[in-house]
Amino acid sequence: MDDIVREGDPVLRAVTEPVQLPLQEEDREALKCMMQFLKNSQDAEMSAKHKLRSGVGLSANQIGLKKRMFVMYLKDDNGKNVEYTWVNPKIISHSLAMVYLPESEGCLSVDRPVHGFVPRYETVKVRGFDLSGQVITQKFKGYQAIVIQHEMDHLDGIMFYDRINPQNPFKLPQDVEIRSLYEQKGK
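Everything numeric here is computed off the predicted structure, so don't read it as measured data.

Scanning the protein chain from terminus to terminus reveals three helices and eight strands. The order of helices and strands in the protein chain, counted from the N terminus, is α-α-β-β-β-β-β-β-β-α-β. In summary, the protein chain has a C-alpha radius of gyration of 16 Å against a globular reference of 16 Å for 187 residues, a match within 12%. Taken over the C-alpha atoms alone, the protein chain extends approximately 50 × 35 × 35 Å along its principal axes. Out of the 187 residues in the protein chain, the part that is buried amounts to 47%. Within the protein chain, contacts between residues separated by at least 24 positions form 70% of all contacts whose residues are at least 6 apart in sequence. About 10100 Å² of surface is accessible on the protein chain, with carbon and sulfur atoms providing 50% of the total. For the protein chain, the distance from the average position of its 25 positive side-chain charges to the average position of its 26 negative side-chain charges is 4 Å.

Quick look at the structure:
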């Protein structure tokens, strides 16, 4: 956890720079290390041994690199672990409908509890490059869409709590369809 940049560090508020392609070896290694950190943070034995907080996403600026790249390691809809490496990602489309996590969002760079709803698009389509430099386009929905938007915000110097209504943290936008991620549709 000592390698994770904490809230208040200016690197978290800087807009990151596009990564040079083809990927340089140092960028490839940084991404591999970031992914290994996420895997270790989700392993009970490793996280206890190294005092790691569990994470599902990690952007380069969270380890002090002002580069447009991040990794995600989380479960898919079938409960299977999946990993994604994104270089120079862009959201190319999104749903009108929005969702939020009822327990708010967390962040490896934020050591304090933050309460409030963070509105996110329910579905996003992302285009970028993978670890081998290949163009990838992928659609994400629900929790995975929330995670990717959280990490994309990091690349633009935006913290998740910037999206919480400052006057009323539990007030949701009125002009869009929005629901709790865990709310059943139609209820």
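You can see I148 is positioned in helix α3 (residues 143-155). The exposure class assigned to I148 is buried, which follows from its relative accessible area of 0%. On a C-alpha basis, the gap between I148 and P89 in space is 9.7 Å, while along the polypeptide they are 59 residues apart. Setting aside chain neighbours within four positions, we find I148 in contact with F70, M72, W86, V124, V126 and F140.

Next up on the list: the side chain of T123. One can find T123 in strand β6 (residues 123-129). The class of T123 is buried, set by a relative accessible area of 14%. Sequence-distant contacts of T123, that is, excluding residues within four places in its chain, are made with S93, H94, S95, K139, F140, K141 and A145.

Compared with the 26 Å implied by 1.5 Å per residue over 18 residues, the 26 Å span of helix α1 (residues 25-42) between its first and last C-alpha is a close match. Here α1 has its buried residues at D27, A30, L31, M34, M35, F37, L38, N40 and S41. Where the residues of α1 are buried, they touch α2 (44-50), β1 (57-59), β2 (69-75) and β3 (81-94).

Pairing in this open sheet of five strands is antiparallel, and the strands run β1-β2-β3-β6-β7 from one edge to the other. Single-partner strands in this sheet number two, and they are β1 and β7 (135-141). Each strand of the sheet is rotated relative to its neighbour by a mean of 40°, with strand direction disregarded. Bridge analysis of β2 against β3 gives seven bridges, and the strand direction is antiparallel. Paired with V71 across the strands is T85, a residue of β3. On the sheet, α1 packs against β1, β2 and β3 and is oriented at approximately 30° with respect to β2. Across the sheet, α3 touches β1, β2, β3, β6 and β7, and the angle it forms with β2 is around 160°.

Let us look at a positive patch on the surface. Taken together, K125, R127, K139 and K141 make up a surface patch of like positive charges. Of all the secondary-structure elements, those providing two or more residues to the positive patch are β6 and β7. Summarising the element assignment, R127 is placed in strand β6. Since its relative accessible area comes to 41%, R127 is described here as partly exposed.

Analysis parameters
Residue numbers here run from 1 along each chain, matching the order of that chain's written sequence. In keeping with the predicted nature of the model, local features appear solely for residues at pLDDT of at least 70, side-chain atom pairs appear and are counted solely at 80 or more, and the whole-chain, interface and lining totals rest on all residues. Calculation of side-chain values draws on the structure's entire complement of heavy atoms; hydrogens and water are dropped beforehand. Counting from the N terminus, the helices are DSSP H or I runs at least four residues long and the strands are E runs at least two residues long. Throughout, radius of gyration means the C-alpha value; the globule benchmark is 2.2 Å times the number of residues raised to the power 0.38. Remark: exposure states derive from per-residue accessible area (1.4 Å probe, protein chains only) relative to the maximum for the residue type, with buried under 20%, exposed over 50%, and partly exposed in between. Whether two residues touch is decided by their heavy atoms; if any such pair falls within 4.5 Å, the residues are in contact. Surface accessibility in these figures is a Shrake-Rupley result with a 1.4 Å probe; residues are shielded only by whichever protein chains are displayed. Within this scheme the basic residues Lys and Arg register as positive and the acidic residues Asp and Glu register as negative, but His and the chain ends are omitted. Lys charges are placed at NZ, Arg charges at CZ, Asp charges at CG and Glu charges at CD. Here a helix's expected span is defined as the number of its residues, less one, multiplied by 1.5 Å. At least two bridges found by DSSP between two strands is the condition for calling them paired. For helices, the fitted axis covers only the stretch in contact; all axes are lines through C-alpha atoms, and the angles between them, taken along N-to-C directions, range from 0 to 180 degrees. By definition, no residue in a patch forms a salt bridge, and every one has over 30% relative accessible area; like charges are joined within 9 Å, nonpolar side chains (Val, Leu, Ile, Met, Phe, Trp, Tyr) within 5 Å. A carboxyl oxygen of Asp or Glu within 4 Å of a side-chain nitrogen of Lys or Arg is what we treat as a salt bridge.

Remember, this is a structural readout, not a statement about activity or role.
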